[in-house]
Structure formats: C-alpha cells, structure tokens
Amino acid sequence: MNDSSWGAPQTGYWGPPDQGPAQGHVRGPVQGAAPAAPAYDARDAQQTRPMPIVPDVSAHGGNQDDDRRAARLSGPLFRDESTSATSTGAPRNPEPMHDAPQPAPAPQKKSAGRDLGAAIGVGVGLGAVIVASLFVYKAVFVGVIAVAVVVGLWELTKRLDERKGIRVPLVPLAIGGAAMVVAGYVRGAEGAWVAMALTALAVLVWRMTEPPEGYLKDVTAGVFAAFYVPFLATFVAMMLTAEDGPWRVLTFLLLTVVSDTGAYAVGWRFGKHKLAPRISPGKTREGLLGAVTFAMAVGALCMQFLVDGGSWWQGLLLGLAVAASATLGDLGESMIKRDLGIKDMGTLLPGHGGIMDRLDSLLPTAPVVWLLLVVFVGSG
C-alpha cells in the first residue's frame, strides 16, 4: 500500500522527504491538483494507522442516510478496503462493484415441536399402566383416576397463582376431587353431584381463613377447577361400573387418543387452513378432518367388537362426537394457557408437558362417551 491509496493530497514537491525543496527539484504546481498540504515525515506516515474519515454532520443537515453514504465514499475504514486515489481524492481505477451471489436458502423441514422419542416413550408407559390397572382390578384404576385428578388440580392451581395471583385452596379441592371420583364409581351420577356440591362449599369456607381481598375471584376459580377436573373425570369412573366397563373405558381412551393422533398427523402433513388461529395457531381444518376420519373408523371397530351390544354405525356416530369434543376440549385448555401466557401446564411428562396437557381432550370427552354409550347400549 502506498500513501496515495489513503487519499493523501498530492503537491508539486518531488524531492526527498527529509530535505526542503532544492533547486532543480521544484516544479510548478500540477494543473488540477489540490492545494499543497504541510510537509510531513514519510517515515512517520508509514507508522501512522489509517484513520476513518467521519463526515461532518452539520455539512449534511443531520441526515443519517447522507452521513453514512459520505462516510462510505470519503475513505476506507480498513486496510483491505482501501482504493488508490488521484490528487482529487477520487479512485484512480474504479471498478464496478458486483454483489457476490448468495446461496439459495435451504428448505426448512417441518418440526413436530416436541421430543417425539420422549413423547412416544412416556405415552407407551402410561398406556401400559392404564391397561394393567384397568383389566386387573377396577378399584386400582379408580385410584389411578384419583391420582391424575389431584396432580392436575395441583398444576392448574399453581399456574393460576403464578400467572394471575389467584390463590385457589388446593387442600379442599384435592380431597373433594378424589372423593368425587370415588363417589361417582360407588354411587353413580347422584354421588358425583353431591360430592361436587360439598367440594364447592369446602372451597368457599376454606378461603374464609384468609384476608377478604380477592375472595370472589379465588372461590370462583376454585369452583371452576372442581368442575373442570374432578367432576368431568368422574364420568370415566361411572363408565367403569358397567359389566363391560373396562372395554368401555378402553374405547373412550382409544377414540380420544386416535382423534388427537389423526389431527396431529394429517394437520402436520397437509394442514394449510387454520382452524382457530387466535386460540391455537397450530390447529388446521385438515387436521380436524383427520381427527374425524380416524375416530369414526376406530369407533366403528370398537363398538362392533369391544362393547357388548354395540354396532358399527353407532361407532361412527361415537367417533364423530369424540372428534368434536376432543377438539373443543383442546381448544378450551389452549384458551386457558393463552390467557395465562404459558405453553404447558407442567413439566411432569417429558415430551407431553404436564398431566393437564394430557387431560385436556379426555376430560370433556368423558361425559360425551358415557352418555352415548348409555343411549346406545344402556348403563349395563
């Protein structure tokens, strides 16, 4: 690099750098050259770092775009960006700048959004526990329902407290929720309603032990939680009381899981039209169609071969109803989580979230399946 590459002004002095102008070495000023600058020591110039030329803001009226353009043209900021300059500071041999070709972006693959390996492993483990308890001894499965209810209530009340400052009494909810499931299994719908009423009353009284600020919102949320989690789960226990109770419960579980799986698989592969973008942007109309198709097919098989006295056409109607209720239940919890500003209710189940993230479709589907089975084949 030479000095001219920094845009240094050229003068008419061609003599040695450490001597003044000598006779015979002085020539007239070059026409068109810039005014002579003070003499400087070339050895010092070689040790001088190139300084960027910063434009005068006042000269450009404070326009930032003009300032950046002036800074780019007035001088290099780095050594490898410097260009040779003539006596007027302009590039000596300007070359057209060509943008380097940019590689085409690689196509993005669709992501499932979760750890599928963990999700499948946890799902298989939960299925094994449920099936074993369901067909070995009915009371064990009732205990499984009660445990799931208590954990779900804990997750829901914890998130309400963290995100909204709503202090729902967990103790009366947990005790009343477990009692509700047992009462539904022992006494049917009548026992479930009585246990629900007593649980709501216990929530109202328990909250009185704390200051009155926020009492109304706390007890309202508590009654909602009692209805949403344990009361709806009670219908699963009531299904179990029939002669073919385990097969009815298995049909209910299979249809709900197949509906969710069909919606996920079809929506992930073919989904283009959003179903409810303000509530759950990931759900599509194509996914809903997949849920209906899968659930109706499995429903026909289950009613024909698993449920006593059932028929395939009843399974078609049952599958259609399950797909609708499971989708609405999923959207309902999505509304709750969106209001709370969270993605999952918990982290207990790797690849799934929390217990409530697995109960979202099951809870509202339970009374629908119970009612249709009673209508189709009786309470048995």
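Look a little higher up for the structure.
Residues numbered from 1 in each chain as written. Predicted model: local features only at pLDDT ≥ 70, side-chain atom pairs only at ≥ 80, totals over all residues. Heavy atoms only, no water.

I tried to follow the overall build of the chain on my own but got confused; where do I start?
What the chain contains, in helices and strands, is ten helices and two strands. Sequence-ordered secondary structure for the chain, helices as α and strands as β, is α-α-α-α-α-α-α-β-β-α-α-α. Looking at the chain as a whole, 37% of its 380 residues are labelled buried. In the chain, 68% of the contacts between residues at least 6 apart in sequence involve partners at least 24 apart. Carbon and sulfur atoms make up 64% of the accessible area of the chain, which totals about 22,500 Å². (Helix = DSSP H or I, 4+ residues; strand = E, 2+ residues; numbered from the N terminus. Buried < 20%, exposed > 50% of the residue type's maximum accessible area, 1.4 Å probe, protein only. Contact = heavy atoms within 4.5 Å. Areas by Shrake-Rupley, 256 points an atom, 1.4 Å probe, with all protein chains shown as cover.)

I would appreciate a short explanation of the nonpolar core in the present structure.
Across soluble globular proteins, you tend to see nonpolar side chains buried next to one another. If you look at the biggest cluster of nonpolar residues, it comprises 56 residues, and the most contacted ones within it are Ile145, Val249 and Phe252. Broken down by secondary-structure element, the contributors of at least two residues to this core are helix 3 (116–136), helix 4 (138–164), helix 5 (170–207), helix 6 (215–240), helix 7 (245–270), helix 9 (312–340) and helix 10 (355–377). Ranked by residue count, the leading element in this core is helix 6, at 14 residues. The contact partners of Val249, leaving out residues within four places of it in the chain, are Leu134, Phe141, Val236, Met239 and Leu240. (Core = buried A, V, L, I, M, F, W, Y, C linked by side-chain atoms within 4.5 Å.)

So what exactly am I meant to see when it comes to the packing of helix 8 (residues 285–305) against helix 9 here?
The description of two packed helices rests on the angle between their axes and on the distance between the axes. Orientation of helix 8 relative to helix 9, taken along the N-to-C sense of each, is 140 degrees, at an axis distance of 7 Å. The angle between helix 8 and helix 9 places the two elements in the oblique class. Crossing hand, helix 8 versus helix 9: right-handed. On the side of helix 8, the interface is formed by Leu288, Ala291, Val292, Ala295, Met296, Gly299, Ala300, Met303 and Gln304, while helix 9 contributes Trp312, Gln314, Gly315, Leu316, Leu318, Gly319, Leu320, Ala323 and Thr327. Looking at side-chain class alone, the contact of helix 8 with helix 9 contains twelve nonpolar, six polar and no charged residues. (Axes fitted to C-alpha atoms, helices over the stretch in contact; angles between N-to-C directions. Parallel < 35°, antiparallel > 145°, perpendicular 65-115°, else oblique. Left-handed = near helix turned anticlockwise from the far one by under 90°. Nonpolar A, V, L, I, M, F, W, Y, C, P; charged D, E, K, R; others polar.)

Could you clarify how one ought to interpret the environment of Ala139 in this entry?
With respect to the secondary-structure elements, Ala139 resides in helix 4. Expressed as a C-alpha distance, the spacing of Ala139 and Leu240, which sit 101 residues apart in the sequence, is 9.5 Å.

Even after reading the chapter, I still don't get helix 5, so can you show me in this structure?
Note that an α-helix has 3.6 residues per turn; residues three or four places apart therefore point the same way. Across its 38 residues, helix 5 extends only 10 Å between first and last C-alpha, which sits more than 12% below the 56 Å expected from 1.5 Å per residue. Residue Arg187 marks the point of greatest curvature in helix 5, where the axis turns by about 150 degrees. (Expected span 1.5 Å × (residues − 1). Bend = angle between axes of the 7 residues up to and from the residue.)

Can you help me understand the packing of helix 7 against helix 8 in this one?
Where helix 7 contacts helix 8, the two axes come as close as 7 Å, and the packing angle between them is 150 degrees. Considering the relative orientation of helix 7 and helix 8, their crossing is right-handed. Two secondary-structure elements touch here, helix 7 through Thr251, Leu254, Leu255, Val258, Ser259, Gly262, Ala263, Val266, Gly267 and Phe270 and helix 8 through Glu286, Gly287, Gly290, Ala291, Phe294, Ala295, Val298, Gly299 and Cys302. Here the contact of helix 7 with helix 8 is composed, by residue class, of eleven nonpolar, seven polar and one charged.

Just to check I follow, could you spell out helix 8 for this structure?
Compared with the 30 Å implied by 1.5 Å per residue over 21 residues, the 30 Å span of helix 8 between its first and last C-alpha is a close match. All of the buried residues along helix 8 are Glu286, Gly287, Gly290, Ala291, Val292, Ala295, Gly299, Ala300, Cys302 and Met303. On the buried face of helix 8, the contacting elements are helix 7, strand 2 (280–284), helix 9 and helix 10.

Even after reading the chapter, I still don't get the packing of aromatic side chains, so can you show me in this structure?
Note on aromatic pairs: each is described by the distance of the centres and the angle between the planes. Within this structure, the stated rule accounts for seven aromatic pairs. Pairing Trp193 with Phe231 gives two aromatic rings, centres 4.5 Å apart and planes at 50 degrees, and the pair type is tilted. Of this pair, Trp193 sits in helix 5 while Phe231 is found in helix 6, placing the two residues 38 residues apart along the sequence. Assessed through its relative accessible area of 52%, Trp193 is described here as exposed. (Phe/Tyr/Trp six-rings, centres within 6.5 Å; stacked < 30°, edge-to-face > 60°.)

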